Each structure stands twice: as C-alpha cells, then as structure tokens.
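The lines below spell out each chain.
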Amino acid sequence: KAGVTQTPRYLIKTRGQQVTLSCSPISGHRSVSWYQQTPGQGLQFLFEYFSETQRNKGNFPGRFSGRQFSNSRSEMNVSTLELGDSALYLCASSGGTEAFFGQGTRLTVV
Amino acid sequence: AQSVSQHNHHVILSEAASLELGCNYSYGGTVNLFWYVQYPGQHLQLLLKYFSGDPLVKGIKGFEAEFIKSKFSFNLRKPSVQWSDTAEYFCAVTMTGTASKLTFGTGTRLQVTL
C-alpha cells in the first residue's frame, strides 16, 4: 500500500512569490491535513480537507490556502511568501482515527 | 485553545534503561491522544493512540502509554530502550474524534547510547 506522497521534496522561493505544494493521500483516505513544522513553533495545524471541503482550520493568515480534488489529492498554496514561511510542510491523510504523514516539502524562502 | 506540554526536551539513556516521557494537555473535555515518533530522516509514525476504553494503551515496538484523566496526562513508557529507539517523540491531542486537527507538543529528543 503506497504511503502519503508529497511533491516537491524541496523548494527555494523568493520573498513575495507564491508556491503550491502537492499531496497525494493513501488510496481510500478522504481526509487530508496540512501542518507546518519549524524549529521555533514546532508542528502547527494549518487546515484539513475532507471530501473536497475544508473541515477544520488552524490559526494561519489568509495567505495560506488549500484545496482538495475529487480524487482526494490536495494542494496547499502560500501567496506573498515571507522569510518566516520557511519550514517543513507536512501532509497527513486519514481514514478515521489514525493520521499517516508524508515526508514533507522543505520550503526555503530567500 | 488547547495546548500540549512535553517537559523533557532532550533525554539521554543507556540501552536497557527504562523510559518515561511526560505529556500533559490543557483541555478539560473529551480528547483523543496520540504519540508519534520521528526517526532520523524519516516521516512521523504513529506509536499509539487513545480514543476510549482501557486507559493503558499498548503500541508498537514495546511502547505503552497511560491516560490519567485527573492529571491531564498521557505519559509514554518503555521498560527497556534499544539504540534503535533514538528518535524524536511527539505527543498530540485532538478534540475532533478523528485524527485531524492535531495539537502537538514540542517534542522530546531521545538519545540511546550503547
């Protein structure tokens, strides 16, 4: 059974640009969540999508957005990048009471 | 807002020593609790979870955790650690009844020496 796949693994962007990260969940899972991991703030919940609808949202500014497609694949977008957005972005898929995490996308903003 | 505290940031143990990592959460309602492990260079993996029932939960690789509601705690234990247990351990809580919207602790780095 294939795990959670995140692409790309690494990204370098310039301040002010926007970026789109992709997540393919485990087959059959309808819930996809996104987390930001930084040394200073740790792991923080961004949002969750379930059957193409945002079901839960964390405390991040509106520059962070996401969507989910009918095949459950999800994308996360960050607009007007700031230096502080540099982080490891993790995607997790779930079929119920267990979340399976991907390897993450490491975003560096310069 | 709910929060999770892991008081031990860095723990160093010799092989065969016993392990207990503390986890306390702040929310007084119904919670679901998790312990995740992140081995060097790998993704987060679930060690164990508590949703209801027996407060003593057994997980993978010989780990267990005890949910003590009166103390808002969910400490992780292992009777005898191995070198391969060297990793970062995260406690997490959610109120959603699922595995989404997890609030994580800051993590405990465990180093096991031979």
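Above: the structure in question.
One structure accompanies this document, and this report is about it. (Residues numbered from 1 in each chain as written. Chains lettered and ligands numbered in written order. Predicted model: local features only at pLDDT ≥ 70, side-chain atom pairs only at ≥ 80, totals over all residues. Heavy atoms only, no water.)

With 18 residues of chain A at the interface, the matching set in chain B holds 19 residues. Looking at the side of chain A facing chain B, the largest losses of area belong to L43(A), T97(A) and F101(A), adding up to 37% of the total buried there. On inspection of chain A and its partner chain B, the count reaches zero salt bridges. Counting the contacts that link chain A with chain B gives six residue pairs in polar contact (both at pLDDT 80 or more). Broken down by secondary-structure element, the contributors of at least two residues to the side of chain A that touches chain B are β4 (31-38), β5 (42-50), β6 (53-57), β9 (87-94) and β10 (99-101) of chain A. The residue makeup of the side of chain A that touches chain B, split by class, is six nonpolar, eight polar and four charged. (Contact = heavy atoms within 4.5 Å. Buried area = accessible area lost by both parts, 1.4 Å probe. Salt bridge = Lys/Arg side-chain N within 4 Å of Asp/Glu carboxyl O. Polar contact = N/O pair within 3.5 Å; in protein donor to acceptor, adjacent residues only side chain to side chain. Helix = DSSP H or I, 4+ residues; strand = E, 2+ residues; numbered from the N terminus. Nonpolar A, V, L, I, M, F, W, Y, C, P; charged D, E, K, R; others polar.)

Residue and element names in this part refer to chain A. Taken in spatial order, the four strands of this open sheet run β1-β3-β8-β7, and their pairing is antiparallel. Strands at the two margins of the open sheet, each flanked by one partner only, are β1 (5-7) and β7 (64-68). Strand-to-strand twist of the sheet, defined as the mean angle between neighbouring strand axes without regard to direction, takes the value 20°. Here strand β3 (residues 19-24) pairs with strand β8 (residues 74-78) via five bridges, running antiparallel. Opposite L21, over in β8, you have M76 as the bridge partner. (Pairing = 2+ DSSP bridges. Axes fitted to C-alpha atoms, helices over the stretch in contact; angles between N-to-C directions.)

Okay, the pattern of salt bridges next. Here the structure, examined in full by the defined rule, presents nine salt bridges over all chains. Notably, a salt bridge pairs E75(A) with R73(A), separated by 3.4 Å at the nearest N-O pair. Each member of the salt-bridge network shares a partner with another, and the members are K58(B), E64(B), E66(B) and R77(B).

Residues and elements named next belong to chain B. One pass over the full model with this rule turns up 15 aromatic pairs over all chains. A ring pair is formed by Y25 and F72, whose centres lie 5.6 Å apart and whose planes are at 70°; its orientation type is edge-to-face. Here Y25 is found in strand β4 (residues 24-25), whereas its partner F72 is found in the loop between β8 (64-68) and β9 (73-78), with 47 residues between them in sequence. Here F72 falls in the partly exposed class, since its relative accessible area comes to 33%. For the pair Y36 and F104, a centre-to-centre distance of 6.0 Å together with 55° between the ring planes defines the contact as tilted. Of this pair, Y36 sits in strand β5 (residues 32-38) while F104 is found in strand β11 (residues 103-104), placing the two residues 68 residues apart along the sequence. (Phe/Tyr/Trp six-rings, centres within 6.5 Å; stacked < 30°, edge-to-face > 60°. Buried < 20%, exposed > 50% of the residue type's maximum accessible area, 1.4 Å probe, protein only.)

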